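Analysis of the macromolecular model
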Amino acid sequence: MNLLAIDTANEYLSLGVSNSQQEFFYCEKIGNRQSEHIIPQIKQILDNAQLELKDIELIAYNQGPGSFTGLRIGLSVALGLAYSIQCKLLPVPMFILYSSNLTQHKPNLIVTLDARLGQIYVAAFNQASLNYLIEPQLVNPEELSSLISQNTNLTPENSIITGGGMITYKNKIADELYDDYEYFEQNYPTTQQMLTIAKSDLLECCSVFNADL
């Protein structure tokens, strides 16, 4: 399947294309200039993959959470392109992007993201099925340890924590969370992970009329 992945959830413009033989990627830190560059860069990456837009069969996009404006730029472009070529869309939650081969030595992943204004976005899921064990939600850092401990499906033996929320608010999060759980530090996920997820068929596709953030 020919796939296009779009991620504009932060100050980077990140794109990925997969054809039948290989994958191609573009990622550049461009701040608030995503709207200027996204269409030309999509054309360039399609050219690199020797594909035309009409060849794309599925467009994956970052569903959030993330930058208010950035996410809407990505979704708007994904909607416009998908509508023009009548293909499906795949909304990929930001949390799911943090799953990788490096974190799968334990089945469950807890993702903490800095939501700004002193709060954390958190979600937990099984990495094999991508089913949520903690639904995505916004919490105060002081509440994180209690939220995780109340879920009997999450233990230090079967779960690993990742994401910048644990770093940003370390002085507000209970020490036992750092003592008991393994923390895996990783950079912001690339669209390579989005393409991997798209190929797994674990997430549900939607039409342009049902796509959202």
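One structure accompanies this document, and this report is about it. (Residues numbered from 1 in each chain as written. Predicted model: local features only at pLDDT ≥ 70, side-chain atom pairs only at ≥ 80, totals over all residues. Heavy atoms only, no water.)

1. Considering the nonpolar core
Using the following cut-off: We call a set of buried residues a nonpolar core when its members are Ala, Val, Leu, Ile, Met, Phe, Trp, Tyr or Cys and they connect through side-chain atoms within 4.5 Å of each other. Burial here depends on accessible area, computed with a 1.4 Å probe over protein chains only, as a share of the maximum for the residue type. Under 20% is buried, over 50% is exposed, and the range in between is partly exposed. The secondary structure listing takes helices from DSSP runs of H or I that are at least 4 residues long and strands from runs of E that are at least 2 residues long, numbered from the N terminus. Whether two residues touch is decided by their heavy atoms; if any such pair falls within 4.5 Å, the residues are in contact.
Ranked by size, the top nonpolar core spans 28 residues in total, and within it Leu 4, Ile 6, Ile 42, Ile 59 and Leu 89 carry the most contacts. Counting residues per element, the ones that place at least two in this core are β1 (3-7), β2 (12-18), β3 (23-29), α1 (34-48), β4 (58-64) and α2 (68-85). Counting residues per element, this core draws most heavily on α2, which supplies 6 residues. For Ile 6, the residues in contact, after removing those within four places along its chain, are Ser 14, Leu 15, Ile 38, Ile 42, Ile 59, Ala 60, Tyr 61, Asn 62, Gly 74, Val 77, Ala 78 and Met 194.

2. Overview of the layout of surface pockets
We count it as follows: Definitions used for this entry: grid spacing 1 Å over protein atoms alone; cavity, a set of points where a 1.4 Å probe fits but cannot get out; pocket, an open set with protein on both sides within 12 Å along at least 5 of 7 lines; lining residue, one with an atom within 4 Å of a point. Grid points are joined across faces, edges and corners, and a volume is the space filled by probe spheres set on the points. Only Asp, Glu, Lys and Arg are considered charged, only Ala, Val, Leu, Ile, Met, Phe, Trp, Tyr, Cys and Pro nonpolar, and every remaining residue, Gly among them, polar.
A volume near 710 Å³ is recorded for the largest pocket. In terms of lining, the largest pocket is formed by 25 residues, of which the most central are Asn 10, Tyr 98, Asp 114, Arg 116 and Tyr 188. Among the elements of the structure, β2, β6 (108-114) and α4 (165-168) are those that each provide at least two residues to the lining of the largest pocket. Partitioned by chemical class, the residues of the lining of the largest pocket number 11 nonpolar, 11 polar and 3 charged. Taken together, 22 residues form the lining of the second largest pocket, with Ser 99, Ser 100, Asn 101, Gln 193 and Thr 196 sitting closest to its centre.

3. Quick notes on the side chain of Ser 99
Heads up, the condition is: N or O atoms within 3.5 Å of each other form a polar contact, as long as, within protein, one can give a hydrogen and the other can take it, and as long as residues adjacent in sequence are counted only when both atoms are side-chain atoms.
Within the secondary structure layout, Ser 99 lies in the loop between β5 (88-93) and β6. Taking relative accessible area as the criterion, Ser 99 reaches 3% and is therefore assigned buried. Here the side chain of Ser 99 touches Gln 104 through a polar contact of 3.4 Å, side chain to side chain. Dropping the residues within four chain positions of it, Ser 99 is found in contact with Gln 104, Leu 109, Phe 125, Gln 127 and Gln 193.

4. Considering the sheet that holds β1
Filter applied, for reference: The rule for pairing is simple: two strands pair if DSSP sees at least two bridges between them. Fitted lines through C-alpha atoms give the axes, limited to the stretch in contact for helices. The angle between two N-to-C directions lies from 0 to 180 degrees.
Pairing within the open sheet is mixed, and its 5 strands lie in the order β3-β2-β1-β4-β5. Two strands lie at the open edges of the sheet, namely β3 and β5, each paired on one side alone. Across the sheet, the axes of successive neighbouring strands diverge by a mean angle of 15 degrees, strand direction being ignored. As paired strands, β4 and β5 are joined by 6 bridges and run parallel to one another.

5. Brief notes about the pattern of salt bridges
Defined as follows: The rule for a salt bridge is simple: a side-chain nitrogen of Lys or Arg has to be within 4 Å of a carboxyl oxygen of Asp or Glu.
Under the definition given, this model contains 6 salt bridges. One salt bridge connects Asp 47 with Lys 43, and the closest N-O pair in it is separated by 3.2 Å. Highlighted residues: Asp 47 and Lys 43, both in helix α1, separated by 4 residues, approximately one helical turn. Linking Lys 106 and Glu 182 is a salt bridge whose minimum nitrogen-to-oxygen distance equals 3.4 Å. Of this pair, Lys 106 sits in the loop between β5 and β6 while Glu 182 sits in strand β10 (residues 182-184); the two residues are 76 residues apart in sequence, bridging distant segments of the chain. According to the relative accessible area criterion, Lys 106 is buried, its value standing at 15%.

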